[in-house]
Amino acid sequence: MYKSKVNKASFAKKIQLFSILALFVSTPGFSQVIKTPKQYFNKMVEAVSSINYKGILVFNNVAPGDDSISALEIVHSHQDQKESRVSSIDGGPTSVYRKNDQIKELLGGKRQIEKIMNNPFENFCAKTLDDQQLVQNYIFEFGPDSMVAGRGVKVVVLKPKYKQVFGYSFYIDKEHYMPLKMNYMSHDGANINSYMFVNIEYPKHFNATDLKIKMDGKVVMPDQEEKLADKSLIDDKHVENKEEKYASSWKIEFLPQGFKIFDHQVKKFHKKNSSVEHFVFSDGIALISVYIEALPENQIFRGSSVKGAMSAYGAVQNGHQIVVVGKIPIETLELVGNSVKQKVEK
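*Asks:* Tell me what's going on with the sheet that holds strand E10 (residues 191–201), and back it up with residues and numbers.
*Replies:* Reading across the sheet, the 10 strands line up as E5-E4-E3-E2-E1-E10-E9-E8-E7-E6 and stay open at both edges, with antiparallel pairing between neighbours. Strand pairing shows two members of the sheet lacking a second neighbour, strand E5 (102–107) and strand E6 (138–148), which therefore form its edges. Averaged over all pairs of adjacent strands, the angle between strand axes in this sheet comes to 15°, irrespective of strand direction. Direction of pairing for strand E9 (residues 179–185) relative to E10: antiparallel, over a ladder of five bridges. The partner of Lys181 across the bridge, within E10, is Met196. This element, helix H2 (residues 37–50), spans strand E1 (53–60), strand E2 (69–78), E6, strand E7 (151–160), strand E8 (167–173) and E9 of the sheet and lies at about 65° to E6.

Right, dumping it as structure tokens:
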């Protein structure tokens, strides 16, 4: 009889302990089981900026006049500070080194550098993401599990609720939550542009040489006169970049459903050029940029340009050049561009 009482007491204590542990697990700050596609997406956003990784990324190039497949080597360190090196491994030597989001060293011409300025996965996990808008404008679903770069991945699909934008699919490493592949998708599910790691590693630590720019196996410090890219790409110290806040004389009468104003600035990039008014609109992940400036003498852009997911539309309005840019269907950008009107003074 006494033994039975002890067992009951022991069992009651186990139940109590289990309840306490369950409370801790469900409390914010303790690890939780990742179950929903939205949870996987959130973990992906966190992983891109918080872990070390290096690998080879291939993608459909969307640079004007170039629709080839390109390959980049990406080294990203998040140890004492955020550092990354992005280098082209096909074609001429081209590299970019960033430290805490500031470009420190570049190797390659301006046209080449512009192709690799940004790690595409960092772009998708940037400050422009708006969680509330995402939920309002996209449906999160799981796709079939798959393999990328020899690693098991969970596929998270973002289906737009409105047909004026692209959808997205992210192939997320089940162990580290890094996005190993990303597709832009049309309304019928066809892939338009793809980014994919063909191999990836997650080193615990990087050596100083891992992030140095190299050419022919040797560390290269770009020559200030010949090999350094256009200074406007480096930092704001070299750019005449004036921002003014004032009531705009322009209005955009049409925006795709779900889009809101994200930013509005007036900038002067060079002393000889006129000011450029820049509007940015977002639906939580997709961005539309509208540029308005006095009509250039020899660089008028009318009509449409499409390279993969990237589209641009140009129009002329009251002696001003209107350019609308975004990874958005060209039909949508045309509607936005044609709705830009100059306000009439009362």
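Back to the write-up after that little detour.
*Asks:* Kindly report on the side chain of Asn137, identifying the contributing residues and their values.
*Replies:* On the secondary structure map, Asn137 appears in helix H5 (residues 131–137). For Asn137, the side chain forms a polar contact with the main-chain oxygen of Gly258, separated by 3.3 Å. The contact partners of Asn137, leaving out residues within four places of it in the chain, are Lys159, Pro160, Lys161, Tyr162, Gly258 and Asp283.

*Asks:* Now, about the pairing of strand E3 (residues 82–88): what can you tell me, with residues and values included?
*Replies:* Regular strands have side chains that alternate between both faces of the sheet. Across the seven residues that make up E3, a large majority, six, are buried. Here E2 pairs with E3 via seven bridges, running antiparallel. Within E3, the residue paired with Val75 across the bridge is Arg85. In this antiparallel pair of consecutive strands, E2 and E3, the connection spans three residues. Direction of pairing for E3 relative to strand E4 (residues 94–99): antiparallel, over a ladder of six bridges.

*Asks:* For the sheet that holds strand E17 (residues 303–307), give the residues involved together with the corresponding values.
*Replies:* Taken in spatial order, the six strands of this open sheet run E14-E15-E16-E19-E18-E17, and their pairing is antiparallel. A strand with exactly one partner marks an edge of an open sheet, and here the two such strands are strand E14 (260–267) and E17. Direction aside, neighbouring strands of the sheet carry axes that sit 15° apart on average. Where strand E15 (residues 276–282) and strand E16 (residues 287–294) come together, seven bridges link them in antiparallel fashion. Bridged to Val276 within E16 is Glu293.

*Asks:* Can you lay out the pattern of salt bridges for me, pointing to particular residues and giving the numbers?
*Replies:* Opposite charge on two side chains lets them pair, provided their charged atoms get close. Counted by the stated rule, this structure contains eight salt bridges. Arg85 is the salt-bridge partner of Glu73, the closest N and O atoms lying 3.0 Å from each other. Residue Glu73 is located in strand E2, and its partner Arg85 is located in strand E3; the two are separated by 12 residues in the primary sequence. A relative accessible area of 7% means that Arg85 is categorised as buried. Note that Lys251 and Glu253 form a salt bridge whose closest N and O atoms lie 3.5 Å from each other. Salt bridges sharing common partners tie together Asp145, Lys154 and Lys174.

*Asks:* How would you explain the packing of aromatic side chains if you had to name every residue and give the values?
*Replies:* All told, the structure shown has 11 aromatic pairs when counted by the stated rule. Geometrically, the ring pair formed by Tyr40 and Tyr177 is tilted, given 5.8 Å between the ring centres and 55° between the ring planes. With a gap of 137 residues between them, Tyr40 in helix H2 and Tyr177 in the loop between E8 and E9 connect regions that are remote in the sequence. On the basis of relative accessible area, Tyr177 is assigned to the buried category, the value being 19%. Considering the side-chain rings of Tyr138 and Tyr168, the 6.1 Å spacing of their centres and the 50° angle between planes classify their relative orientation as tilted.

*Asks:* Describe the environment of Phe59, naming the residues involved and giving the relevant values.
*Replies:* By the element assignment, Phe59 lies in strand E1. By relative accessible area, Phe59 is classed as buried at 7%. Counting along the chain gives 122 residues from Phe59 to Lys181, while the straight-line C-alpha distance between them is 9.5 Å.

*Asks:* Which residues make up H2, and what are the values?
*Replies:* Look at H2: 20 Å from first C-alpha to last across 14 residues, which is about the 20 Å you get at 1.5 Å a residue. Regarding H2, the residues found buried are Pro37, Lys38, Tyr40, Phe41, Met44, Ala47 and Val48.

Conventions we followed
- Residues numbered from 1 in each chain as written.
- Predicted model: local features only at pLDDT ≥ 70, side-chain atom pairs only at ≥ 80, totals over all residues.
- Heavy atoms only, no water.
- Pairing = 2+ DSSP bridges.
- Helix = DSSP H or I, 4+ residues; strand = E, 2+ residues; numbered from the N terminus.
- Axes fitted to C-alpha atoms, helices over the stretch in contact; angles between N-to-C directions.
- Contact = heavy atoms within 4.5 Å.
- Polar contact = N/O pair within 3.5 Å; in protein donor to acceptor, adjacent residues only side chain to side chain.
- Buried < 20%, exposed > 50% of the residue type's maximum accessible area, 1.4 Å probe, protein only.
- Salt bridge = Lys/Arg side-chain N within 4 Å of Asp/Glu carboxyl O.
- Phe/Tyr/Trp six-rings, centres within 6.5 Å; stacked < 30°, edge-to-face > 60°.
- Expected span 1.5 Å × (residues − 1).

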